[in-house]
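Residue strings, one per chain:
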Amino acid sequence: MSAKKSVSRGAIAIMTSGGDAPGMNACIRGCVRTALEANFKVYAIYEGYQGLIAGNIGELKWDDVSNIIQLGGTVIGTARSKEFRERSGLLKAAHNLIKNRIDKLMVIGGDGSLSGAEDLREQFPGLTDELLKKGLITAEEAAGYRNLTVTGAIGSIDNDMAESEITIGADSALHRIVEALDAITSTAYSHQRTFIIEVMGRNCGHLALMAALASGASGCFIPEMPPEDDWPDQLEKNILEGAKAGRRVNLIVVAEGARDNKNRKLDARIIQEELTKRSLDSRITILGHVQRGGVPSAYDRCMSTLFGVETVNILLRNSEESHIACLQKNRISSTPLTAAVAKTRAAGKALAAGDFAAAGKARGDEWLRMAYIQKTLMRLAPPEENSKRKKVRIGVVTAGRAAAGVNSAVRTIIRMGMASGAEVVCFEEGPNGLINNKSHIASWMEPELWNAFGGSRLGAGRYVESHGDIGAIAESFRKNQLDGFILIGDWGGYRLLNKLCNARKRYKEFDIPMIAIPASINNDLPGSEYSIGCDTALNNIVDAVDKIRNSTDTAKRTYIVEVMGRYSGYLACCAALASGAEYCYTPEKVLSLDDLRHDVRELAEAFKHGNRHTGLIIRNENAHDDYTTDFISTLFEADGGIEFDVRKAVLGPLQQGGIPSPLDRIQSVRMAYFAVRNLLESVVMNVSGGYFIGCENGEVVMHNWKKLRSYPDPWQRTKCRRWWQEYEKAIHRLSIDPEVRKKIK
């Protein structure tokens, strides 16, 4: 009996338009391969709307989007087109789509590009009638292609589109900016000089605000929150008094769309002129298009890939209204295109009208909160009104293995605590510092330049239980007269805090509010979808994998890369998705010998029949007790036949090190602020208890410590269902051609 033939679903054309953004290629790959698997015919429109008008359209096959996930820019080109805004341009565009039998259009671009596609969709029936009347298409073509379906993904480094928490390219652009700010900090420190850095963002302050938070900038000008009239005098005072207080570095981050409160342009040159009038030396750095360039970050590769998959899912749902892929509550979703564009443009109109409050509100409550935090963090000292208050004392310690981003959390705890009238006691050398009372009271300027450092400036270390430790820690609490306590750490730190909570009946010193903040590259802590350090580790892995794959010249080779993660497959799964791996082996999914045999045969077929030179397998260090990296390497080498040879790589501690990523720094600030605020509220209300912070559905939350009892034993965490496990389905679907998979079945 012959197999049932798959029914074609029609044709999709993919286009990138407007400014390029890192991650566009990952989105193209996700869309093309998902569409081909769903039996769509897929075309690329080269050079954006200009290419659509010119008829620069070509069919895409599976291998056409191989090895592009790691590339910046867009491989199909992008361009803006004035003619597309005219009726004549729309008519040419409609004609080219109909002639290629395309009735579905997927656009990756900003609000202008997406709204342009929606205009084409709305006018398509009238354009079809006009083409028929002019004899440019047949009656059959007019009947079959009268309507155009539109979907898309938001490609914009500015992150200025409403209804989505992140847009393609924003995280990568932030990487470029923060890397530049870290580099400038070195020379600024050497010369004790002020640097003014202008960043992109059009009329949105997202890049400037987040870069300021991540770098520890001492000044920030954004469109949504213009400075007071006397801002030049205040800036002068801040620089001069900062020098007296010991600040050697003044980084002032300016959004290209910044305004004063009279709605007049306020750029880097104007700021420098005001400082020059006051005999203050400064230098300007305008980062320009370097912010758009370079390889996409791991986050951008993952999210953009999933955006591409979602655009096809939108088409499969056959919605009459145009929808675009988006990220809401840390989940891939979709939203109506016209509503998103309308809200985005409303924010722009509010700024143009000088209604800054409305523009800020349009960015969301979380954005406004981060702006408030930045205002506090860049102060020179705590508010004077708090100096006469009775001091609350809170302790802070970092515990466990290294996790990049911890220093941003400690800096936030120190400054937000002191700004609220508290004294912050820092325990050095982790748990040992608690036991031996190695501590000091922090000063405001102490964590000034900590953001860019990996590890913990306070020192950390694992807790090894010993008789009398808990009593010694209680004595440290008593001597420091602590009213509250914050621990930043991994599972070892959580276990230590659990012991302190359980010892309350024996030691009254622990009868205070205590909060744990998750810090683990494994991203395996309870009650949180994110742990400090996991994004930096993921970028380290993806960067290493890029280098490994680039080492292949003409040989056909499969790489087996072992990554950390303990009993969580988060790093392995996200690294596989971000690097375009063929397979991913994690503890959450039981691996069998039959699975491995299938994968070897499938990969051998892919090498034999496809135009490929490399294969990639990402394996979590504890994916299976018996099927080790060495075993899998030997199996694939033996059964891969003549199709490929095998190399293995165990990445090791490099995953823990390095400079913290912008996302790790920013998320650290968010969670640390939340911890300080809730801790101080508990102290004021005389509420003691144990708590742990988490990020769930994109929001920072606090759990009661008793909730830990509802989780499995730490060493049985593989039984927990993970929010990212849906990613695993996309990894294999996008890596092996469906035609190859059919041969194995």
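It should be emphasised that the depicted structure is a prediction, and the values quoted were computed from it without experimental measurement.

## Side note on the overall build of the chain
- When you go through the chain residue by residue, the secondary structure sums to 24 helices and 22 strands.
- Relative to the compact-globule value of 27 Å for 745 residues, the chain shows a C-alpha radius of gyration of 28 Å, a close match.
- Taking the principal axes of the C-alpha coordinates as reference, the chain spans close to 90 × 70 × 45 Å.
- Buried residues in the chain amount to 60% of all 745 residues.
- Put simply, 79% of the contacts in the chain that link residues at least 6 apart link residues at least 24 apart.
- When the accessible area of the chain is evaluated, it comes to approximately 30,000 Å², of which 48% is carbon and sulfur surface.
- Here the chain holds 95 positive side-chain charges and 90 negative ones, and the gap between their average locations is 2 Å.

## A short note on a nonpolar patch on the surface
- Taken together, the side chains of Val-684, Met-685 and Val-687 make up a nonpolar region of the molecular surface, amounting to roughly 320 Å² of accessible area.
- Here Val-684 lies in helix H22 (residues 662-684).
- Accessibility expressed as a relative area gives 71% for Val-684, which makes it exposed.

## Some points on the packing of aromatic side chains
- Under the definition given, this model contains 16 aromatic pairs.
- Taking the centre distance of 4.0 Å and the plane angle of 25 degrees together, the rings of Tyr-49 and Phe-84 count as stacked. Linking Tyr-49 in helix H2 (residues 48-54) with Phe-84 in the loop between strand E3 (57-59) and helix H3 (87-99), this pair joins segments that are 35 residues apart in sequence.
- What makes Tyr-49 buried here is its relative accessible area of 5%.
- Overall, Phe-84 belongs to the buried group, its relative accessible area being 7%.
- Within the aromatic cluster, the residues linked to one another by ring pairs are Phe-427, Phe-477, Phe-485, Tyr-507 and Phe-510.
- In this arrangement the basic side chain of Arg-248 is found over the ring face of Tyr-189, its NZ or CZ atom lying 4.8 Å from the centre.

## Digging into the packing of helix H11 (residues 337-352) against helix H12 (residues 356-363)
- As a packed pair, H11 and H12 sit with axes 7 Å apart at the nearest point and diverge in direction by 155 degrees. As judged from the angle between their axes, H11 and H12 are roughly antiparallel. Here the hand of the crossing between H11 and H12 comes out left-handed. Contacts between H11 and H12 involve Ala-347, Ala-350 and Leu-351 on the former and, on the latter, Phe-356, Ala-358, Ala-359, Ala-362 and Arg-363.
- Taken together, the residues of the contact of H11 with H12 sort by class into seven nonpolar, no polar and one charged.

## Re the environment of Pro-22
- Secondary-structure assignment places Pro-22 in the loop between strand E1 (11-16) and helix H1 (24-37).
- On the basis of relative accessibility, which here comes to 0%, the residue Pro-22 falls in the buried class.
- Here the alpha-carbon distance between Pro-22 and Val-295, two residues 273 residues apart in the chain, equals 6.5 Å.
- In contact with Pro-22, not counting residues within four places along its chain, are Gly-73, Ile-157, Ile-168, Gly-169, Ser-172, Arg-292, Gly-293, Gly-294, Pro-296 and Asp-300.

## What about the nonpolar core?
- Ile-413, Ile-488, Ile-517 and Ile-618 are the most contacted members of the largest nonpolar core, which totals 142 residues.
- Top contributing element to this core by residue count: H22, with 11 residues.
- Filtering out sequence-adjacent residues up to four positions away, Ile-488 remains in contact with Val-396, Val-397, Thr-398, Ala-399, Val-406, Ala-409, Val-410, Ile-413, Ile-517, Ala-519 and Ile-532.
- In terms of nonpolar packing, the next biggest core, distinct from the first, is built from 36 residues, Ile-45, Ile-57, Ala-117 and Ala-340 among them.

## Details of unusual backbone geometry
- A positive phi angle, close to 70 degrees, is found at Glu-47, a residue other than glycine.
- Its location among the elements puts Glu-47 in the loop between strand E2 (41-45) and H2.
- When its relative accessible area of 36% is taken as the criterion, Glu-47 is described as partly exposed.
- Within the chain, Gln-481 stands out as a residue other than glycine whose phi angle is a positive 50 degrees.

## Some thoughts on the sheet that holds strand E22 (residues 699-704)
- Across the sheet, seven strands lie side by side as E14-E13-E12-E15-E16-E21-E22; this open sheet has mixed pairing. Looking along the sheet, the strands with just one partner apiece sit at the ends: strand E14 (439-441) and E22. On average, adjacent strands in this sheet sit at an angle of 25 degrees to one another, irrespective of strand direction.
- Taken together, the five bridges between strand E15 (residues 484-489) and strand E16 (residues 513-518) define a ladder with parallel strand orientation. Paired with Ile-488 across the two strands is Ile-517, which belongs to E16.
- Along the sheet face, helix H16 (residues 469-480) touches strand E12 (392-399), strand E13 (422-427), E14, E15 and E16 and points at about 145 degrees away from the line of E13.
- Across the sheet, H22 lies against E12, E13, E15, E16, strand E21 (689-696) and E22, angled at about 170 degrees from E16, the strand it touches most.

## A few points about the pairing of strand E8 (residues 250-255)
- Among the six residues in E8, six count as buried, and that is most of the element.
- Going residue by residue along E8, you find Asn-250, Ile-252 and Val-254 tucked away on one face and Leu-251, Val-253 and Ala-255 tucked away on the opposite face as well.
- Relative to E8, strand E6 (residues 194-199) runs parallel, the two being bridged by six bridges. Within E8, the position partnered with Ile-196 by the bridge is Ile-252.
- Pairing analysis gives three bridges linking strand E7 (residues 219-221) to E8, with the strands arranged parallel.

## Here's the deal with the sheet that holds strand E17 (residues 557-563)
- With respect to topology, four strands assemble into an open sheet ordered E18-E19-E17-E20, the strand pairing being parallel. Each edge of the sheet is formed by a strand with only one pairing partner; in this case those strands are strand E18 (583-585) and strand E20 (645-650). Across the sheet, the mean angle separating the axes of adjacent strands is 20 degrees when strand polarity is ignored.
- Pairing of E17 with strand E19 (residues 614-620), which is carried by seven bridges, proceeds in the parallel orientation. Bridging across to E19, Glu-562 finds its partner in Arg-619.

## Some thoughts on the confidence of the model for the chain
- Scored by pLDDT, the chain has a mean of 92; 96% of the residues are at 70 or more.
- Per-residue pLDDT stays below 50 along residues 1-5; that stretch engages in zero contacts with residues further than four places along the chain or on separate chains.

## Comments concerning the state of the cysteines
- Following the criterion strictly, the structure yields zero disulfides and no others.
- Cys-204 supplies the cysteine sulfur nearest to Cys-220, a cysteine that is in no disulfide, at a spacing of 12 Å.
- Between Cys-534, a cysteine without a disulfide, and Cys-574, which holds the nearest cysteine sulfur, the sulfur-to-sulfur distance is 8.1 Å.

## A closer look at helix H7 (residues 206-215)
- Burial runs high along H7: 10 of the 10 residues are buried.
- What H7 keeps buried is the set His-206, Leu-207, Ala-208, Leu-209, Met-210, Ala-211, Ala-212, Leu-213, Ala-214 and Ser-215.
- Phi turns positive, to about 75 degrees, at Gly-216, one or two residues after H7.

Conventions we followed
Residues numbered from 1 in each chain as written. Predicted model: local features only at pLDDT ≥ 70, side-chain atom pairs only at ≥ 80, totals over all residues. Heavy atoms only, no water. Helix = DSSP H or I, 4+ residues; strand = E, 2+ residues; numbered from the N terminus. Rg over C-alpha atoms; globule rule 2.2 N^0.38 Å. Buried < 20%, exposed > 50% of the residue type's maximum accessible area, 1.4 Å probe, protein only. Contact = heavy atoms within 4.5 Å. Areas by Shrake-Rupley, 256 points an atom, 1.4 Å probe, with all protein chains shown as cover. Lys, Arg positive; Asp, Glu negative; His and termini not counted. Charge placed at Lys NZ, Arg CZ, Asp CG, Glu CD. Patch = residues over 30% accessible without salt bridge, like charges linked within 9 Å, V, L, I, M, F, W, Y side chains within 5 Å. Salt bridge = Lys/Arg side-chain N within 4 Å of Asp/Glu carboxyl O. Phe/Tyr/Trp six-rings, centres within 6.5 Å; stacked < 30°, edge-to-face > 60°. Lys NZ or Arg CZ within 6 Å of the ring centre and 35° of its normal. Axes fitted to C-alpha atoms, helices over the stretch in contact; angles between N-to-C directions. Parallel < 35°, antiparallel > 145°, perpendicular 65-115°, else oblique. Left-handed = near helix turned anticlockwise from the far one by under 90°. Nonpolar A, V, L, I, M, F, W, Y, C, P; charged D, E, K, R; others polar. Core = buried A, V, L, I, M, F, W, Y, C linked by side-chain atoms within 4.5 Å. Pairing = 2+ DSSP bridges. pLDDT = per-residue confidence, 0-100. Disulfide = S-S within 2.5 Å.

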